[in-house]
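# Structural description and commentary
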Amino acid sequence: MTGLGASVASPAVREATAAAMGRFVRMHELQARASATIARLTGAEAGFLTASASAGMTLSIAGCMTGLDPARAEALPAHPGPRFEVAVQLGHLCGYGAPVETAMALAGARTRPVGQSTLAMDHQLRGALGEATAAALYVVSHHVVHYGQIPFATFAAIARERGVPVIVDAASEYDLTGFIEAGADLVVYSAHKFLGGPTGGIVAGRRDLVRAAYLQNVGIGRGMKIGKESIAGAIAAMEAWMVRDHAAMRAAEEATLALWASAIAGIPGIEPRIVPDPTGNPLSRLQVEVDPARAGTTAAAFARALAEQDPALIVRDHEIELGYFQLDPCNLLPGQDRIVAETLAAVLRAGAAHPERPGDRARARNGGVDGYLAWLA
């Protein structure tokens, strides 16, 4: 979603963002207002906004390392101090456009992997938590390994036994209260994506740790700061989320999925399936499974062909090598559901007209890097 500009903001969010651009504000006071809104939204004691969820993860880790000592905050990342390790399950060390490890390294922290990629056990987490541990990081994402991992409640309880703060990277999650309730000390969310605000990161949690993370603006956080306009827009987005009719939105999304599935039903070699979100968000997607022998081409070729349409139809293709892609019903403007249905059906019916090209299967894996390399080439 980040590569597509993250989300589509509502008129109220756009108006709040524009209004803030025309005046000066005291930034700490504006952040304090954001903190009050974040507390109501998440049930946390406090919170603040930063440039992105990735930045929020780095600042949260740094805050656990330095506490409220500005000299130690200024010393990062070169001199991390006595608590510099972050325990994280190996299966959670995913890529989200950048490696999770990089978000830790920017704070001067060292990754302490727990277990193996497909199996992490309780005693391995206990063994990783010691005098040098600054925090334990738990990543919630469709990119992580979804089996053999320590459940969050157990993960948080073990960390609490050792007095280690728990940070949750929940950038793309609907659940804005559950992690705090289940024992997280700090939770990082995206201000855009599902919330539909301007690009930004939300840090919520214990007041002392939120203050320590916010203090990092005297050091590494300076390059991760968020502008007044994005804070104002994020506050408006959070306020809107708290009064949104989520049931009505879910019903509209389900109707969109049914429309798309119906539009491609019966096309040879194409099997539409509505599947739940892998991390438990109240959201389903349309999974389009492709039999190349009958469809005339591959799922990877279809993904590329759909992206070449006008308007472009960008699909979720991170598992394209498994022979399918997915469509997400979120953030559509009025009428776009039918444009998607018509475009999808037309391209899938013309399967043989879209032969696979060299590199189609690698686009999902290399697309992010290739985009940066190709920019202004």
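Once that is clear, we can look at the pairing of strand 5 (residues 166–169). Regular strands place their side chains on alternate faces of the sheet. Of the two faces of strand 5, both are covered, the one formed by Val166 and Val168 as well as the one formed by Ile167 and Asp169. Strand direction decides the pairing type here: strand 4 (residues 133–139) and strand 5, joined by 4 bridges, are parallel. The partner of Val139 across the bridge, within strand 5, is Asp169. Regarding topology, helix 7 (residues 152–161) serves as the crossover connection from strand 4 to the parallel strand 5, and that connection is right-handed. Sheet analysis places strand 5 next to strand 6 (residues 186–190), joined by 3 bridges and oriented parallel. Bridging across to strand 6, Asp169 finds its partner in Val188.

With that settled, the discussion passes to the sheet that holds strand 3 (residues 110–114). Reading across from one edge, 1-7-6-5-4-2-3 is the order of the 7 strands in this open sheet, with mixed pairing throughout. Looking at strand neighbours, the two that pair on one side only are strand 1 (46–50) and strand 3, the edges of this open sheet. The mean inter-strand angle of the sheet, taken between neighbouring strand axes irrespective of direction, is 25 degrees. Of the strand pairs in this sheet, strand 1 and strand 7 (residues 201–205) are connected by 5 bridges, and their pairing is antiparallel. Considered in strand 7, the bridge of Phe48 is made with Val203. Across the sheet, helix 9 (residues 207–215) is in contact with strand 1, strand 6 and strand 7; its angle to strand 1 comes to roughly 25 degrees.

A separate point is helix 15 (residues 363–374). Since there are 3.6 residues in each turn of an α-helix, residues three or four apart along the chain are aligned in direction. Relative to the 16 Å expected for 12 residues at 1.5 Å per residue, helix 15 spans just 13 Å between its end C-alpha atoms, considerably shorter than the ideal helical length. Immediately beyond the C-terminal end of helix 15, within one or two residues, lies Leu376, with a positive phi of roughly 55 degrees.

Before going further, it helps to spend a moment on unusual backbone geometry. With an omega dihedral of 5 degrees, the bond running from Leu76 to Pro77 counts as a cis peptide bond. Structurally, the position occupied by Pro77 is in the loop between helix 4 (70–75) and strand 2 (85–89). Going from Asp310 to Pro311, the amide bond is cis rather than trans, its omega being 5 degrees. Along the chain, the position of Pro311 falls in the loop between helix 13 (299–307) and strand 10 (324–327). Positive phi outside glycine occurs at Lys193, with the angle close to 40 degrees. Secondary-structure assignment places Lys193 in the loop between strand 6 and strand 7. Of the residues examined, Lys193 reaches a relative accessible area of 15% and is grouped as buried. The phi torsion at Asn331 lies on the positive side, around 65 degrees, for a residue other than glycine.

Where strands meet in a sheet, backbone hydrogen bonds hold them as pairs that are either parallel or antiparallel. Judged by pairing direction, the sheet is antiparallel, and its 3 strands sit side by side in the order 8-9-10 without closing on themselves. Every other strand in the sheet has two partners, leaving strand 8 (270–276) and strand 10 as the edge strands with one partner each. Shown here is a sheet whose adjacent strand axes are inclined to one another by a mean of 30 degrees, direction ignored. Taken together, the 4 bridges between strand 9 (residues 284–290) and strand 10 define a ladder with antiparallel strand orientation. Bridging from a neighbouring strand, Leu286 pairs with Leu327 of strand 10. Across the face of the sheet, helix 13 comes into contact with strand 8, strand 9 and strand 10 while running at roughly 40 degrees to strand 10. The strands that helix 14 (residues 336–349) touches are strand 8, strand 9 and strand 10; relative to strand 10, the one it contacts most, it runs at about 165 degrees.

The next point concerns the pattern of salt bridges. Side chains that carry opposite charge are capable of pairing whenever their charged atoms lie near each other. For the structure on display, the rule yields 16 salt bridges. Here Arg285 and Asp277 are joined by a salt bridge, their closest N and O atoms 2.8 Å apart. Like Asp277, Arg285 is buried. For the salt bridge of Glu308 with Arg357, the shortest nitrogen-to-oxygen distance reads 3.1 Å. Here Glu308, found in the loop between helix 13 and strand 10, pairs with Arg357, found in the loop between helix 14 and helix 15; they are 49 residues apart in sequence, far enough to count as distant. Using a relative accessible area of 45% as the deciding quantity, one classes Glu308 as partly exposed. The class of Arg357 is partly exposed, set by a relative accessible area of 43%. Among the charged side chains, a salt-bridge network with shared partners connects Asp277, Arg285, Arg316 and Asp328.

Evaluation of the coordinates by the stated rule reveals 0 disulfides. No disulfide involves Cys64; its nearest neighbouring cysteine sulfur is the one of Cys94, lying 19 Å away. Exposure remark for Cys64: the relative accessible area of 5% places this residue in the buried category. Sulfur of Cys330: no disulfide; nearest cysteine sulfur belongs to Cys94 and is 20 Å away.

One pass over the full model with this rule turns up 6 aromatic pairs. Here Tyr174 and Phe194 contribute two aromatic rings whose centre-to-centre distance is 4.4 Å and whose plane-to-plane angle is 45 degrees, an arrangement assigned as tilted. Of the two residues, Tyr174 sits in the loop between strand 5 and helix 8 (178–181) while Phe194 sits in the loop between strand 6 and strand 7, which places them 20 residues apart along the sequence. Judged by relative accessible area, which is 16%, Tyr174 ranks as buried.

Definitions and limits used
Residues numbered from 1 in each chain as written. Predicted model: local features only at pLDDT ≥ 70, side-chain atom pairs only at ≥ 80, totals over all residues. Heavy atoms only, no water. Buried < 20%, exposed > 50% of the residue type's maximum accessible area, 1.4 Å probe, protein only. Helix = DSSP H or I, 4+ residues; strand = E, 2+ residues; numbered from the N terminus. Pairing = 2+ DSSP bridges. Right-handed = clockwise from strand over helix to strand, strands pointing away. Axes fitted to C-alpha atoms, helices over the stretch in contact; angles between N-to-C directions. Contact = heavy atoms within 4.5 Å. Expected span 1.5 Å × (residues − 1). Salt bridge = Lys/Arg side-chain N within 4 Å of Asp/Glu carboxyl O. Disulfide = S-S within 2.5 Å. Phe/Tyr/Trp six-rings, centres within 6.5 Å; stacked < 30°, edge-to-face > 60°.

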